Amino acid sequence: MISLKCSEEFNQTLVKKGFSKRAFARESGLSESTFIQISNGKQSPRPGTAKKICDALLMDFDEIFIMEKSEVTKNVKHSCR
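All of these numbers come straight from a predicted model, not from anything done at the bench.

So, unusual backbone geometry
Peptide bonds are mostly trans, and most non-glycine residues show a negative phi.
Consideration 1: One non-glycine residue, Leu58, lies in the positive phi region at around 55 degrees.
Consideration 2: Among the secondary structure elements, Leu58 is positioned in the loop between helix H4 (47-57) and helix H5 (61-64).
Consideration 3: Judged by relative accessible area, which is 76%, Leu58 ranks as exposed.

Topic: the confidence of the model for the protein chain
Consideration 1: Mean pLDDT over the protein chain stands at 89; residues scoring 70 or higher make up 85%.
Consideration 2: Mean pLDDT per element in the protein chain: helix H6 (residues 71-74) is the minimum at 53, and H5 is the maximum at 97.

Focus on the nonpolar core
Consideration 1: In terms of nonpolar packing, the biggest core is built from 16 residues, with Phe10, Phe35, Ile53, Leu57, Ile64 and Phe65 touching the most fellow members.
Consideration 2: Going through the elements one at a time, strand S1 (2-4), helix H1 (7-16), helix H2 (21-28), helix H3 (32-39) and H4 are the ones with two or more residues in this core.
Consideration 3: With 4 residues, H4 is the largest single contributor of residues to this core.
Consideration 4: If sequence neighbours within four positions are ignored, Phe65 has contacts with Ile2, Ser3, Leu4, Lys5, Pro45, Ala50, Ile53 and Cys54.

Details of the packing of aromatic side chains
Consideration 1: Tallied over the entire structure, the rule returns 4 aromatic pairs.
Consideration 2: When the centroid spacing of 5.1 Å and the interplanar angle of 85 degrees are considered together, the rings of Phe19 and Phe24 count as edge-to-face.

About the thresholds
Residues numbered from 1 in each chain as written. Predicted model: local features only at pLDDT ≥ 70, side-chain atom pairs only at ≥ 80, totals over all residues. Heavy atoms only, no water. Helix = DSSP H or I, 4+ residues; strand = E, 2+ residues; numbered from the N terminus. Buried < 20%, exposed > 50% of the residue type's maximum accessible area, 1.4 Å probe, protein only. pLDDT = per-residue confidence, 0-100. Core = buried A, V, L, I, M, F, W, Y, C linked by side-chain atoms within 4.5 Å. Contact = heavy atoms within 4.5 Å. Phe/Tyr/Trp six-rings, centres within 6.5 Å; stacked < 30°, edge-to-face > 60°.

So this is what it looks like as structure tokens:
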């Protein structure tokens with residue numbers, strides 16, 4: 001699951017870059033309601049949506065988001081190679 005590192009910090013970044021949530025949603029090609037849910041930390045973005053956000057802010061994924069294990073995969077052991 002993809003989550004914002006910190007929704008407060010993310011929202012401050014938007015303001016510092018001159019965006020309102022509505023303007024950023026339009027600029028990045030996202031629906032306003034979806035983007036507001038993501039920016040408030042209430043919805044996880046899909047990978048493509050996370051990429052649109054990163055591209056529009058000219059930031060790397062790891063500066064904005066973290067990858068968390070979902071409840072489904074937390075109990076499944078995987079080996080990394």
